Amino acid sequence: MIGNVALLGASCAFNPVLLGVVLLTLASERPKRMLGAYVAGAFTWSVGLGIGIVTVASSADAFGGHSSPSRPIFDLVVGAALLAGALWYGTGRAARYKAAKATAEGAVEEGPRKRTLAERLLAGPIPLAFAAGVALNFPSVRYIAAMKEIVVANVSSHEQVLAILLFNVLMLSPAIAPLALMAFRPDGTRAAIARIDAWMRAHAHVLLTAVLAGLGLYLMVKGVVGLV
């Protein structure tokens, strides 16, 4: 269980949007406080939601036990969704859709560029950075898959909470690591994150395709084996 949860959490760390948010906070006048508030909001929301999902799903047997046919079927459905996402990115459709949307918005809008939700939230007071951590961290398919792994493992509630914490630490590691490094090398941290962000944005379609395809194939095989 821990291995699967860790794998899913680490895969969620490949997130160019999260790195962009980190850069926005590091460029602010109070980078430590802004990034700390963002991480606090994201971590509190994601962990709390995870505990709620796992508690309710465990009580309702929503994902089934080890022998339940609903477990491999869920793996197949999630695996198919991840493979569809890999196909979306790998064929360039995501990039074309994003470019077309940007062109359409540019044709409609005139004057200064409209700021994104992240930019608006992270440009305000510290409580808004906390709110940004909540608003920008809604559950993904991989998040739900990780919670399912925790539910069907049939472990104690303490172990479930530890697994949820592990998943979220790995998922938010692109923000947690810079926050820790800010205490020792604030300038070096900014430069390093900027380089990583530029590299990830340049290779985002390859990274996302590989991560989604790998996890999708893994879950599909796991689901097929579970049905046999």
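A quick note: this is a predicted structure, and the numbers were derived from the prediction, not measured. (Residues numbered from 1 in each chain as written. Predicted model: local features only at pLDDT ≥ 70, side-chain atom pairs only at ≥ 80, totals over all residues. Heavy atoms only, no water.)

Chemist: I would appreciate a short explanation of the overall build of the protein chain in the present structure.
Modeler: Assigned secondary structure in the protein chain consists of twelve helices and zero strands. Put simply, the protein chain runs from its N terminus to its C terminus through helices and strands in the order α-α-α-α-α-α-α-α-α-α-α-α. Within the protein chain, buried positions represent 39% of all 228 residues. Excluding contacts between residues fewer than 6 apart, the proportion of contacts in the protein chain whose partners are at least 24 apart in sequence is 84%. Counting only carbon and sulfur atoms, one obtains 69% of the accessible surface of the protein chain, whose full area is about 12100 Å². (Helix = DSSP H or I, 4+ residues; strand = E, 2+ residues; numbered from the N terminus. Buried < 20%, exposed > 50% of the residue type's maximum accessible area, 1.4 Å probe, protein only. Contact = heavy atoms within 4.5 Å. Areas by Shrake-Rupley, 256 points an atom, 1.4 Å probe, with all protein chains shown as cover.)

Chemist: Help me understand the pattern of salt bridges, please; the structure alone is not making it clear to me.
Modeler: Any two side chains of opposite charge can pair if their charged atoms end up close together. Applying the stated criterion across every chain, the model contains three salt bridges. Note that Lys148 is salt-bridged to Asp75, the shortest N-O span being 2.5 Å. With a gap of 73 residues between them, Lys148 in helix 8 (residues 141–152) and Asp75 in helix 4 (residues 70–90) connect regions that are remote in the sequence. An identical accessibility class is assigned to Lys148 and Asp75; each is buried. Lys222 serves as the salt-bridge partner of Glu149, at 2.4 Å between the closest nitrogen and oxygen. Here the residue Glu149 occupies a position in helix 8, and Lys222 occupies one in helix 12 (residues 204–227), the gap between them amounting to 73 residues. The buried category is assigned to Glu149, whose relative accessible area is 3%. (Salt bridge = Lys/Arg side-chain N within 4 Å of Asp/Glu carboxyl O.)

That's the geometry; what it means functionally is another story.
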